[in-house]
Amino acid sequence: MTAVDLGQVRDTADRRFSSGWIATGLWLVVLVTLLAAGLTPLTTGVLAGSDDYMRFVRVFAWLDGAGWYDQVIDRLNAPQGAVVPWSRLVDLPLAAIVAALSPLVGRVEAAMIAATLLPALLLLGLMHAAILLCRPAVGARAALLGAVIAVLLPNLVTAMMPGRVDHHTWQLVLMALAIGSLAYAVADPNRSRPAFIAGALFGVSLWVGGETVPWLAMANAALALIWILHGPRIAHAGRNFGLGFAITCAVAFPLARDPAVWLVPACDTLSLSTLGLAAAVAGFWLAVATFGRSVPSPIGRAGLGALCAGIIGGAWIFAFPSCAAGPYGDIDQQLVDSWLPTIAEAQSLPGYALVRPGTAVAMTLSPLIGCIGACFAAIHATNARRRRIWILYSCLILGALALAVWQIRVLPFANLFAIAPLAWVVSTAWRAIDRKVIGFGKRLSKVAVLLGVGPLGTAFGALDTLHAQSEAASSDIAATHSGACDLASVSDALTPVQFGKPPVIAAPVDLGAELLFRTIHGVIGGPYHRNADGILDSQAIFGGTDMTAVRHILQSRGAAFVVTCPGMDEMQLYAGGDGIDTFSERLAQHVPPAWLTPIRAPKESGVLAFRLAE
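Residues numbered from 1 in each chain as written. Predicted model: local features only at pLDDT ≥ 70, side-chain atom pairs only at ≥ 80, totals over all residues. Heavy atoms only, no water.

1. Here we look at the pairing of strand β5 (residues 559-564)
Two faces belong to every sheet, and in a regular strand the side chains alternate between them. The element β5 is extensively covered by neighbouring structure, given that six of its six residues are classed as buried. Pairing between strand β3 (residues 504-506) and β5: three bridges, direction parallel. Among the inter-strand pairings, Ile-505 is bridged to a residue of β5, identified as Phe-561. (Buried < 20%, exposed > 50% of the residue type's maximum accessible area, 1.4 Å probe, protein only. Helix = DSSP H or I, 4+ residues; strand = E, 2+ residues; numbered from the N terminus. Pairing = 2+ DSSP bridges.)

So, in structure tokens, the structure goes:
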């Protein structure tokens, strides 16, 4: 190696080193800002959502003696219990923090510390992963923009906020690392390690949660398109990707799945069906790598790929038809019809845009800019190496935006995939500004460009928030209950001495997980698709008009308490219409049935609590 080559290597290494330290410094600024603003569970005492509370419920149960493979939450869907098939992998760091701190500060406070610390560390990981995501596309010098853009995109910042400990934060970090590694693989297919690492990261992400499957499909589709356009060398990268994915899934399978149910397929977790999917991915790439050597034309490769995909994919569909029907293929149809449409993140993008147009713009603006930038960069790339990278990013963003038309829950990933194209847009615009603008206007223009690819969308989302607050202020229910739901203020009042065992609480579905977290009680409903019976019974209770039938359901469940928050969004589902009073409306109007006794709760809490007559 010449002296010049050595100098280039040192220069690149120095840039990578400095980028990492600058990203860490930026992370510290963000963290201090959040702490100073009081936007952490340490100061608020609340977590981000139901999944975060349920994650700690699982952790608490594990620390109290539940087995590694135990996925049943006995207190959910009480008294029968319900399965929450989440990975223990994500429980590990939370359990370690809670176990270490509980003797010092108590279990709930230890959970709040864990819910502040872990998301902060994951945000740091995401910022460094964003640099990796950008480096093969824009080079080491501009890669730092990835870390900056990551903390400017509203969708990503919200997903990584303190209080979020669900598995989606882990998947964002894993996907950033995986796609960055895959970009290196398509840039230089002769290097086997990046493709293998990318496949392994996809395998770990699949162990974390089944939501990885769409991104696995899109990454393979993008890789197949690049192979069709650019020839047999890409098939070797695909083969290494498939092997990394299959080997990791095979290693994780006995750790993730109880041996008693190894032969039982499940579509929402690492199981026999997803192990079959891993074998199908590896089999496809082994087939095209083997037989594609003698196929010189893109049309021929497209035909070969379609044939291999048809045979291998058809075999998987034949073996696991319920999973081929989609993520809701094995869910009770009544639940799909009555409950799924009420979940905000399960809304279609067009439907959501009709209700919250500003927020819809905020979530999609950056991916749209990134998609345009990636397509433009692919068309005007000066070499095949860069063109392949931009094709990869273009396919991923387009696929994520297309999937968002079905469900908006995928939009954080669309924003994630857009980071590298947005960095390219910013760096390209900055170079143009350097050539054409002078003085203070140069810096102002650069800041405007950076803000335009990220926080600009926040302004549109703020309009929706202001509109929602205005409507809430004029609502009769909100005037009394303010939409708040402070369960912590009433949880102690729900533990009477006379009960020999923890009683059951009937509450709206969206309160179930937090009640499990804050009390030792059982609940009926919880927003998890494996809890179909609990959700349907909760809907029948709060939307019921026959008080005798409502009481019968409560008694059959062994319910001792009813808890509700009239100001929460879910209660709108239980409105009876003109002249019809549902159970939830009678509670909100303070005219409960005679067999309910009110329990004192602070008015500002927004909570109404009742004890059932024995």
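Now that the structure has been shown, we can carry on.
2. Some remarks on the layout of surface pockets
Roughly 440 Å³ of internal volume is contained in the second largest pocket. Lining the second largest pocket we find 18 residues, and of these Val-138, Arg-386, Trp-424, Ser-427 and Arg-431 sit closest to its centre. Of all elements in the fold, only α5 (107-142), α17 (357-379), α18 (384-404) and α20 (419-436) reach the threshold of two or more residues within the lining of the second largest pocket. Taken together, the residues that form the lining of the second largest pocket break down as 10 nonpolar, four polar and four charged. (1 Å grid on protein atoms, 1.4 Å probe; cavity = no way out; pocket = protein on both sides within 12 Å on 5 of 7 lines; lining within 4 Å. Points joined across faces, edges and corners; volume = space filled by probe spheres on them. Nonpolar A, V, L, I, M, F, W, Y, C, P; charged D, E, K, R; others polar.)

3. Details of the sheet that holds strand β7 (residues 608-612)
The strand order across the open sheet built from five strands is β4-β3-β5-β7-β6, with neighbouring strands paired in mixed fashion. In this open sheet, the two strands that pair with only one neighbour each are β4 (522-523) and β6 (596-599). Across four bridges, the pairing between β5 and β7 is antiparallel. Looking across to β7, one finds that Thr-564 is bridged to Leu-608.

4. Describing the state of the cysteines
Tallied over the full model, the rule gives two disulfides. A sulfur-sulfur separation of 2.2 Å characterises the disulfide bridge that pairs Cys-267 with Cys-323. The S-S bond linking Cys-267 to Cys-323 shows a torsion near -90 degrees; that makes this disulfide left-handed. Of this pair, Cys-267 sits in the loop between α11 (233-256) and α12 (272-291) while Cys-323 sits in helix α14 (residues 321-324), placing them 56 residues apart in sequence. The residues Cys-267 and Cys-323 share a single accessibility class, namely buried. The disulfide partner of Cys-485 is Cys-565, and the S-S distance across this bridge is 1.9 Å. (Disulfide = S-S within 2.5 Å.)

5. Topic: a nonpolar patch on the surface
Among the surface-exposed residues, Phe-196, Ile-247 and Val-251 lie close enough to one another that they form a single nonpolar patch of about 260 Å² accessible area. Note that Phe-196 resides in helix α9 (residues 192-208). Residue class for Phe-196 comes out partly exposed when judged on its relative accessible area of 34%. (Patch = residues over 30% accessible without salt bridge, like charges linked within 9 Å, V, L, I, M, F, W, Y side chains within 5 Å. Areas by Shrake-Rupley, 256 points an atom, 1.4 Å probe, with all protein chains shown as cover. Salt bridge = Lys/Arg side-chain N within 4 Å of Asp/Glu carboxyl O.)

6. Looking at the environment of Ala-549
Take Ala-549: it is sitting in helix α26 (residues 547-556). Residues Ala-549 and Gly-303, 246 residues apart in the sequence, show an inter-C-alpha distance of 61 Å.

7. Notes on empty space enclosed by the protein
The full count for this structure, using the stated rule, is two cavities of 30 Å³ or more. Reported here for the largest cavity is a volume of approximately 60 Å³. Among the residues forming the lining of the largest cavity, the class breakdown is six nonpolar, two polar and one charged. In this structure, the second largest cavity spans a volume of roughly 30 Å³. Considering the residues around the second largest cavity, the lining is formed by Gln-71, Trp-86, Ser-87, Trp-207, Ala-256, Thr-269 and Leu-270. Among the residues forming the lining of the second largest cavity, the class breakdown is four nonpolar, three polar and no charged.

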